[in-house]
Amino acid sequence: MASVTPNEPPVPKRRVPTQLRSRERVERILDASSRIVVERGVDALTTRAVSELAKVPVASIYQYFADKDAILLALVERDTEEMDEQVRTDLGRLELLSLETIVATTMRAYVSVYHRRPSFVEIWLRGRTNAAVRDYGRRHNERTAAEVLEFAVAAGLARPDTPMAAAVLAVEIGDRVFQLAFEKDLRGDEFLIEEGIALVTSYLRRYATDTDGIRP
């Protein structure tokens, strides 16, 4: 779980649009980029290709994104924000809290967003050639682990002394499972997804309390 080291170049800051028209243009650029990635692959993503599909001048793209890698990072950031919201929403709807339901609900939330955002599958689960994307994804995994562990401890399902490293490892295992499950199919291999949920749940049981489940 290495974060950025002093030897790594800083990720360039992109201009964040504040006006509605600018935000809409950025969304159009990202939607066009996503379509190119899914239909033609990551290597086909160029500012010229995005310009033609989004119907915006190349110069406008450079107002918000320094290069192709910056666009890929922005897509991953947008998609992971959607995943975070989906996880929180789905966990909030649980009628029975248990270690099993938390793991299954969290991983299934990710799968539902993968289905809506297939470009994420191409960029993160199948690619990871972009150093900034890799680093962002790892840091996101760490944040996810911290949030889910905090949720489980607060619910009385995980021991307060559970090492953060164990939670991070569980998330990384799930991430690797998704890599395998979505390697050849944008819908994911259901068998591998189910086995992955069972695997992560089994690993985390060693840190569980004696509580079988509670109703929120």
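Look up: the structure comes first, before these words.
Since the structure is predicted, the reported quantities are computational estimates derived from the model, not experimental observations.

A. Layout of unusual backbone geometry. Backbone geometry at Lys55 places phi at a positive 60°, although glycine is not the residue there. The residue Lys55 is located in the loop between helix H2 (47-54) and helix H3 (58-64) in this model.

B. How the structure looks around helix H7 (residues 131-154). With 24 residues, H7 should cover 34 Å at 1.5 Å per step; its first-to-last C-alpha distance of 35 Å lies within 8% of that length. Those residues of H7 lying buried are Ala132, Val133, Asp135, Tyr136, Gly137, His140, Asn141, Thr144, Ala145, Val148, Leu149 and Ala152. On its buried side, H7 packs onto helix H4 (68-92), helix H5 (99-116), helix H6 (118-125) and helix H8 (164-181). At the N-terminal boundary of H7, the capping side chain belongs to Asn130, with an oxygen 2.8 Å from the backbone nitrogen of Ala132. At the C-terminal side of H7, Gly156 shows a positive phi close to 80°.

C. View of the packing of H4 against H7. The N-to-C vectors of H4 and H7 enclose an angle of 10°; their axes lie 10 Å apart at closest approach. Of the possible angle classes, the one that applies to H4 and H7 is roughly parallel. Where H4 abuts H7, its residues Leu72, Leu73, Val76, Glu77, Thr80, Asp84, Arg88 and Leu91 lie against Ala132, Val133, Tyr136, His140, Thr144, Glu147 and Phe151. Looking at the contact of H4 with H7 residue by residue, the classes come out as eight nonpolar, three polar and four charged.

D. Quick peek at the environment of Tyr136. As for its position among the elements, Tyr136 is in helix H7. Linking Tyr136 and Glu77, residues 59 residues apart in sequence, is a C-alpha distance of 8.1 Å.

E. Here's a closer look at H8. Between the first and last C-alpha of H8 there are 26 Å, a value that for 18 residues agrees with the 26 Å anticipated at 1.5 Å per step. Looking only at H8, the buried set comprises Ala166, Ala167, Val168, Ala170, Val171, Glu172, Gly174, Asp175, Val177, Phe178, Gln179 and Ala181. Contacts from the buried residues of H8 go to H5, H6, H7 and helix H9 (190-204).

F. How the structure looks around the pattern of salt bridges. Applying the stated criterion to the full structure yields 16 salt bridges. For Arg35, the salt bridge goes to Glu39, with nearest N and O atoms at 3.2 Å. One end of the pair is Arg35 and the other is Glu39, both in helix H1 (residues 20-40) and four residues apart, which spans about a single turn. For Arg35, a relative accessible area of 45% corresponds to the partly exposed category. Look at Glu39 and you get exposed, because its relative accessible area is 55%. A salt bridge links Arg126 to Glu122, with the nearest nitrogen and oxygen atoms 2.9 Å apart. Classification of Glu122 as buried rests on a relative accessible area of 16%. Several salt bridges converge on common partners, so that one network encompasses Glu27, Asp31, Arg78, Asp79, Glu82, Arg116 and Arg117.

The rules behind these values
Residues numbered from 1 in each chain as written. Predicted model: local features only at pLDDT ≥ 70, side-chain atom pairs only at ≥ 80, totals over all residues. Heavy atoms only, no water. Helix = DSSP H or I, 4+ residues; strand = E, 2+ residues; numbered from the N terminus. Expected span 1.5 Å × (residues − 1). Buried < 20%, exposed > 50% of the residue type's maximum accessible area, 1.4 Å probe, protein only. Contact = heavy atoms within 4.5 Å. Polar contact = N/O pair within 3.5 Å; in protein donor to acceptor, adjacent residues only side chain to side chain. Axes fitted to C-alpha atoms, helices over the stretch in contact; angles between N-to-C directions. Parallel < 35°, antiparallel > 145°, perpendicular 65-115°, else oblique. Nonpolar A, V, L, I, M, F, W, Y, C, P; charged D, E, K, R; others polar. Salt bridge = Lys/Arg side-chain N within 4 Å of Asp/Glu carboxyl O.

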